Amino acid sequence: MTDPDSVFTSKVLQSMRPPMVCTCVQVSRQALVKAIQDGDRSFEELQKHTGCATGCGCCESSVRRLLSDEMNRQVSPTDEKQGRLF
Ligand code: FES
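The shown structure was predicted, so the numbers you read here are calculated from the model rather than taken from an experiment. (Residues numbered from 1 in each chain as written. Predicted model: local features only at pLDDT ≥ 70, side-chain atom pairs only at ≥ 80, totals over all residues.)

Engineer: Can you tell me about helix α2 (residues 29-37), naming the residues and giving the values?
Structural biologist: Of the residues making up α2, those classed as buried are Ala31, Leu32, Ala35 and Ile36. When α2 is viewed along its axis, its buried side chains cluster within an angular range of 135 degrees and face the same direction. Counted as exposed and oriented over 90 degrees from the buried face of α2: Gln30 and Gln37. (Buried ≥ 20, exposed ≤ 12 C-beta atoms within 10 Å, placed from the backbone. Helix = DSSP H or I, 4+ residues; strand = E, 2+ residues; numbered from the N terminus. Arc of directions from axis to C-beta.)

Written out as structure tokens, the structure reads:
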């Protein structure tokens, strides 16, 4: 039987780690968001600056989706101030 305390400790430790988008190169979501905030505007720029998606390539769609979401998030506050819905 599994020790409930060790399962709890393991889950707590996992939740403290930054979530990895690219496990091959160990690129976290935080690192990608920071690169986007610092000016990266394309998948290729993120690859160049973080090394993401340069291994197996499985994370490409996740990286592209994160890029799109973050760019929309950065645009939204301005659009909201101007009263636009989209
Ligand atoms: S998970 Fe990103 S290149 Fe393999």
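Engineer: Outline the confidence of the model for the protein chain, supporting the account with residue identities and numerical values.
Structural biologist: Confidence in the prediction for the protein chain averages 86 pLDDT; 84% of positions are at 70 or higher. The least confident element of the protein chain, judged by mean pLDDT, is helix α1 (residues 4-16) at 76; the most confident is helix α3 (residues 43-50) at 98. (pLDDT = per-residue confidence, 0-100.)

Engineer: Explain the nonpolar core to me, using residue names and the numbers behind them.
Structural biologist: Membership of the largest hydrophobic core comes to 13 residues, with the highest contact counts inside it found for Val21, Cys22, Leu32, Cys52 and Val63. For this core, the elements supplying multiple residues, two or more each, are β1 (20-22), α2 and α4 (60-81). Among all residues touching Cys22, those that are not within four sequence positions of it are Val27, Cys52, Ala53, Cys59 and Val63. (Core = buried A, V, L, I, M, F, W, Y, C linked by C-beta atoms within 7 Å. Contact = placed C-beta atoms within 7 Å.)

Engineer: I'd love a proper account of the packing of α2 against α3, names of residues and values included.
Structural biologist: In contact at an axis separation of 10 Å, α2 and α3 are set at 115 degrees when each is read in the N-to-C sense. The crossing of α2 and α3 is right-handed. Across from Ala31, Leu32 and Ala35 in α2, the residues of α3 making contact are Leu46, His49 and Thr50. Of the residues contributing to the contact of α2 with α3, the split by class is 4 nonpolar, 2 polar and no charged. (Axes fitted to C-alpha atoms, helices over the stretch in contact; angles between N-to-C directions. Left-handed = near helix turned anticlockwise from the far one by under 90°. Nonpolar A, V, L, I, M, F, W, Y, C, P; charged D, E, K, R; others polar.)

Engineer: Go over the environment of Cys59, please, and point to the residues and values.
Structural biologist: Residue position: Cys59 is located in the loop between α3 and α4. Judged by local crowding, Cys59 falls into the buried class, with 21 C-beta atoms found within 10 Å. Note: C-alpha distance between Cys59 and Thr23 (36 residues apart in sequence) is 8.1 Å. Filtering out sequence-adjacent residues up to four positions away, Cys59 remains in contact with Val21, Cys22, Cys52 and Ala53.

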